[in-house]
Each structure stands twice: as C-alpha cells, then as structure tokens.
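Tertiary structure, described
For reference, the chains in residue letters:
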Amino acid sequence: MKLGFVSAILDQCSYEEMMDIASELGFECVEVACWPQGKAERRYAGVSHIDAERVLTDDAYTRHIIDYAAEKKVEISSLAYYPNTMDADPEKRGTAVEHLKALIQASAKLGIHMVTTFIGRDQNKSVEENLELVKEIWPPILELAEKNDVRIGIENCPMLFGRDQWPGGQNLMTTPANWRRVFEILPSDNLGINYDPSHFVWQMIDYIKPIYEFQDKIFHVHYKDIKIYPDRLQQVGIMGYPLDFMSPKLPGYGDVDWGRYVSALTDIGYDGYTCIEVEDKFFEGSREKVLDSLRLSKRYMSQFVI
C-alpha cells in the first residue's frame, strides 16, 4: 500500500507547492483535487490543483504535471472531484457530469487512470427513484471511462450533514445495500469504491465486514476518522443532523480501529493507494496547523502502512 493524502486541505497552494509539501513530508502519493476553476461551493470543495480542461488542450501543461510528480517522486493516485451528478437542478447536474467527463479524459491522458467522486443523489427523492436516475445518468459516464481505461472510485460519504442536504443527502452509494443495488444496475469493471470507514461509523454500520464482500470493488482508500459524542447522540438521536453528534477527526483521534481496518485490507491483498483525508476543524486556521495535521496523520498511519 502507498500512503498519501487528499490535496484539498492545501487549498492555498499551487500544484507545485502541494507536491513539494508531499515530497518533503515523505508521502508516496496524493489524491489531487480537480474542481472546476474558481467554483468553491462548500468546505473542502472548489480546490483545483490540476486544471482538467487545460490538460485536454495543452500538451506542455500535461507534460509539466507528469514531470513534476516524477521529479518529486510522488505519484498521483487519482483526480478527485466530489459533486452531485444527480442534482435536482438540471443545470447543476449537467455541469457536474461534464466536468467529471473531462476528468476521466484528463486522468487517461496523464496516465493516472483513476477518478474519485460521488455517484450523486436527488436529496428529495427516495432511494428507488434515485436508482432510476442512476440508470439514466451513469451509463454514458461509464462508457467514457471504459473507453479511456479509467476506473471510477465512489466514496461512501452520504453528504448529509445539515439542513441544506436534508432529507436524503447528496450521494446514494453510502451503504453496502446501496452498493449492491448500484453494481447490479451498472455491472462495469470500471466502477468501484473509494472506501472511507469513517462514514460507516456514524451510520452505525460495520466498517470491516464490507471490505471482504466488496474486495474486488475497492479501487482506492481514505483514512479519515470520526468521533461520536454519546451524550449528544442521546439528545438528538440518529435522526438528528449528523454534525450534532459527531465530528471528523485525524486518524487516531476518533473511533475507527485503524489496526483492524488496515489488517482487513491486507487480508484481501489490497496494495493500492491509501490517502489521509483531513477534515478536522482543530487543524484549520493556519498553514502550520495544516502541516501539523499531515505530519501527525502520517506518523500515526505509518504504524500500519509501510
């Protein structure tokens, strides 16, 4: 397994600065944020360290991206973009799908052959209605991925944290049950999972068992922790807004048993990319705090990932 991080936490850095930091801190890879230029819509979104559209039109830029990564000895694990491709607003949906398609082509041109994203969800429709949307929206995306030999790893984050995303959240592939249903609808070898255990913790789902069932579908791995506050949970219950009873934390600062998690990955023979995702609010506010979050996370996860 290769240990890296999601680049979105370095939102004030250029591509080169971000890769310099990854190299200096001893990381082997980065999952590179590739949102449309200048379109931040939420925390940790809107960061763009690689301009996908420019990759498709500017060969010199593409060569620079490849050569700089090689010079720094840091691999790009994936091009990352986490929008809602099934948004109820047709214009937003279309924009997300088109940029995702650009990422697929850019990932192939850069020789990365991986994109990490969400499947999306119309938050005001039922699961069954959203499965019908999957049939409508996703076959052309996967056809392009297959044509370009690019794998798509869907993260299992529900994107359901506060009132703006209520009631259904903005990502359908959040549970083993929904994974099965989507994979039945889209039986493509190019569609898989970007596995993040933290989202199963607050959904009260076993985050170890699905590793074995879906071992052939795990394309990419996140290391992010979640801390549940039992006293708050007792006040709002599991039907409350999730951020009312939990918080994202650095690996080792929350409730995930990382030894068991990585052990299960070794059981299935996973030897791909694993990236720390920093969303711990304590480590925001200054460049030094952000760098500390990466140093601490790397030190902790290096117990398990060599």
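A brief structural summary. (Residues numbered from 1 in each chain as written. Predicted model: local features only at pLDDT ≥ 70, side-chain atom pairs only at ≥ 80, totals over all residues. Heavy atoms only, no water.)

A few points about the overall build of the protein
Note the threshold: Strands here mean DSSP runs of E at least two residues long; helices mean DSSP runs of H or I at least four residues long; both are numbered from the N terminus. The cut-offs for exposure are 20% and 50% of the maximum accessible area for each residue type, with area from a 1.4 Å probe on protein chains only; residues under the lower value are buried, those over the upper are exposed, and the others partly exposed. His is not counted here, nor are the chain ends, while Lys and Arg score as positive and Asp and Glu score as negative. The location of each charge is read from NZ of Lys, CZ of Arg, CG of Asp or CD of Glu.
When you go through the protein residue by residue, the secondary structure sums to 11 helices and 10 strands. Taken along its principal axes, the extent of the C-alpha atoms in the protein is 55 × 45 × 40 Å. Per-residue burial over the protein gives 58% buried out of 306 residues. Mean positive and mean negative side-chain charge positions of the protein (33 and 48 charges, respectively) differ by 2 Å.

Observations concerning helix α3 (residues 59-72)
Applicable threshold: Multiplying 1.5 Å by the residue count of a helix minus one yields the expected span of that helix. Residue contacts are counted whenever heavy atoms from the two residues lie within 4.5 Å of one another. By the criterion applied in these results, polar contacts are pairs of N or O atoms within 3.5 Å in which, for protein atoms, one can donate a hydrogen and the other can accept it, and in which residues neighboring in sequence qualify only through two side-chain atoms.
Here α3 contains 14 residues, and its C-alpha end-to-end distance of 20 Å stays within 8% of the 20 Å for a straight helix at 1.5 Å per residue. On its buried face, α3 sits against α1 (15-24), α2 (52-57), β3 (75-80) and α4 (90-109). In this structure Asp58 caps α3, since a side-chain oxygen of it lies 3.1 Å from the backbone nitrogen of Ala60. Downstream of α3 by one or two residues, Lys73 has phi in the positive range, about 60°.

Remarks on the pairing of β3
Strand residues, when the strand is regular, have side chains that alternate between the two faces of the sheet. Put simply, the rule is: Being paired, for any two strands, means DSSP has found at least two bridges between them. Classification remark: right-handed applies to a crossover when, strands pointing away from the viewer, the course from the first strand over the helix to the second runs clockwise.
Within β3, 5 of the 6 residues are buried, leaving the element largely enclosed by the surrounding structure. By the bridge criterion, 5 bridges tie strand β2 (residues 29-33) to β3 in an arrangement that is parallel. Bridged to Cys29 within β3 is Glu75. Bridge analysis of β3 against strand β4 (residues 114-117) gives 2 bridges, and the strand direction is parallel. Bridge pairing links Ala80 to Thr116 in β4. Crossover connection from β3 via α4 to parallel β4: handedness right-handed.

A few points about unusual backbone geometry
Here the bond from Trp166 into Pro167 is cis, since omega is 5°, no more than 30 degrees from zero. Residue position: Pro167 is located in the loop between β5 (151-155) and α6 (176-185). At Met204, a position not held by glycine, the phi torsion is positive, near 65°. Along the chain, the position of Met204 falls in the loop between α7 (198-202) and α8 (209-213). Its relative accessible area of 47% is what places Met204 among the partly exposed residues.

Overview of the packing of α1 against α3
How two helices sit against one another is set out by the angle between their axes and by the gap between those axes. Convention followed: What counts as an axis is a line fitted to C-alpha atoms, over the stretch in contact for a helix, and the angles between N-to-C directions run from 0 to 180 degrees. Here roughly perpendicular refers to angles of 65 to 115 degrees, roughly parallel to angles under 35, roughly antiparallel to angles over 145, and oblique to all remaining angles. Crossing handedness: left-handed means the near helix sits turned counterclockwise from the far one by under a right angle, and right-handed means the same turn made clockwise.
Between α1 and α3, whose axes approach to 10 Å, the crossing angle comes to 20°. As the angle between them shows, α1 and α3 are arranged roughly parallel. Here α1 runs over α3; the crossing is right-handed. Counted together, Tyr15, Glu16, Met19, Asp20 and Ser23 of α1 and His64, Ile65, Tyr68, Ala69 and Lys72 of α3 form the full contact between these two elements.

Regarding the packing of α4 against helix α5 (residues 127-147)
Two elements in contact, α4 and α5, have axes separated by 9 Å at closest approach and are oriented at 25°. Comparing their axes, α5 and α4 come out roughly parallel. Between α4 and α5 lies a crossing of right-handed hand. Seen from α4, the contacting residues are Arg93, Val97, Leu100, Lys101, Ile104 and Gln105; seen from α5, they are Leu133, Glu136, Ile137, Trp138, Pro140, Ile141, Leu144 and Ala145.

Some details on the pairing of β5
Taken across its 5 residues, β5 has 4 buried, putting it largely inside the fold. Relative to strand β6 (residues 191-195), β5 is paired through 4 bridges, and the arrangement is parallel. From the neighbouring strand, Glu155 faces β6, where its bridge partner is Asn194. Regarding the hand of the β-α-β motif, the stretch spanning β5, α6 and β6 is right-handed.

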